[in-house]
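# Coordinates in review
So you can see what is in the structure, the chains are spelled out below.
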Amino acid sequence: VYVMRAAPSLPAAIGEALQQGDALFTFFSTRTAAIFTRHAEQASLASCAARAEALCISGSVASALSALPWRALHVAASPTLEGMLREVDKLPRAR
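Described below are features of the structure shown in this document. None of the values given here were measured: they were computed from a predicted structure.

Once that is clear, we can look at the side chain of serine 29. Position of serine 29 among the secondary structure elements: in the loop between β1 (24–27) and α2 (30–42). Using a relative accessible area of 18% as the deciding quantity, one classes serine 29 as buried. Of the polar contacts made by the side chain of serine 29, one reaches the side chain of threonine 32; its length is 2.7 Å.

Shown next as structure tokens:
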């Protein structure tokens, strides 16, 4: 069991990566995805997602990110770390 406390806003480094684009963001929980979406919208960075990609551990996590216009939204075939890593292996190496 763990406790997660949401950051009050999008951390500066994450906002910068979103603005720069050509980044891959990984999401392992629906709550984290929802918080990220909310913070990106509050920081007026939602449109920047169009230059980035997201990798989600499950379809429900991807659904929590659906309000953002991702360049690509990947979902692991199995909801495990191994499934996420297999999905990363499928991605182009240009990152």
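Following the structure, the description resumes.
Here we come to the nonpolar core. Ranked by size, the top nonpolar core spans 25 residues in total, and within it Leu18, Phe25, Phe27, Phe36, Leu65, Leu68 and Trp70 carry the most contacts. Where this core is concerned, the elements lending two or more residues are β1, α2, β2 (53–56) and α3 (59–64). Setting aside residues up to four positions removed in sequence, phenylalanine 27 forms contacts with Thr32, Ala33, Phe36, Ala54, Leu55, Cys56, Ile57, Val61, Leu65, Trp70 and Met84.

Time to look at unusual backbone geometry. One non-glycine residue with positive phi stands out, namely aspartate 22, at about 50°. Relative to the helices and strands, aspartate 22 resides in the loop between α1 (12–20) and β1. Residue classification places aspartate 22 among the partly exposed positions, given a relative accessible area of 47%. A positive phi angle, close to 60°, is found at serine 44, a residue other than glycine. Among the residues examined, serine 44 registers a relative accessible area of 63% and is labelled exposed.

Right, let's talk about the pairing of β2 for a bit. Of the two faces of β2, the one holding Glu53 and Leu55 and the one holding Ala54 and Cys56 are both buried throughout. Inspection of the sheet shows β1 paired to β2 by 4 bridges, in the parallel sense. If you follow phenylalanine 25 over to β2, its bridge partner there is alanine 54. By the bridge criterion, 4 bridges tie β2 to strand β3 (residues 72–75) in an arrangement that is parallel. Paired with glutamate 53 across the strands is alanine 72, a residue of β3. Considered for its hand, the β-α-β crossover made up of β2, α3 and β3 is right-handed.

Conventions and cut-offs
- Residues numbered from 1 in each chain as written.
- Predicted model: local features only at pLDDT ≥ 70, side-chain atom pairs only at ≥ 80, totals over all residues.
- Heavy atoms only, no water.
- Helix = DSSP H or I, 4+ residues; strand = E, 2+ residues; numbered from the N terminus.
- Buried < 20%, exposed > 50% of the residue type's maximum accessible area, 1.4 Å probe, protein only.
- Polar contact = N/O pair within 3.5 Å; in protein donor to acceptor, adjacent residues only side chain to side chain.
- Core = buried A, V, L, I, M, F, W, Y, C linked by side-chain atoms within 4.5 Å.
- Contact = heavy atoms within 4.5 Å.
- Pairing = 2+ DSSP bridges.
- Right-handed = clockwise from strand over helix to strand, strands pointing away.

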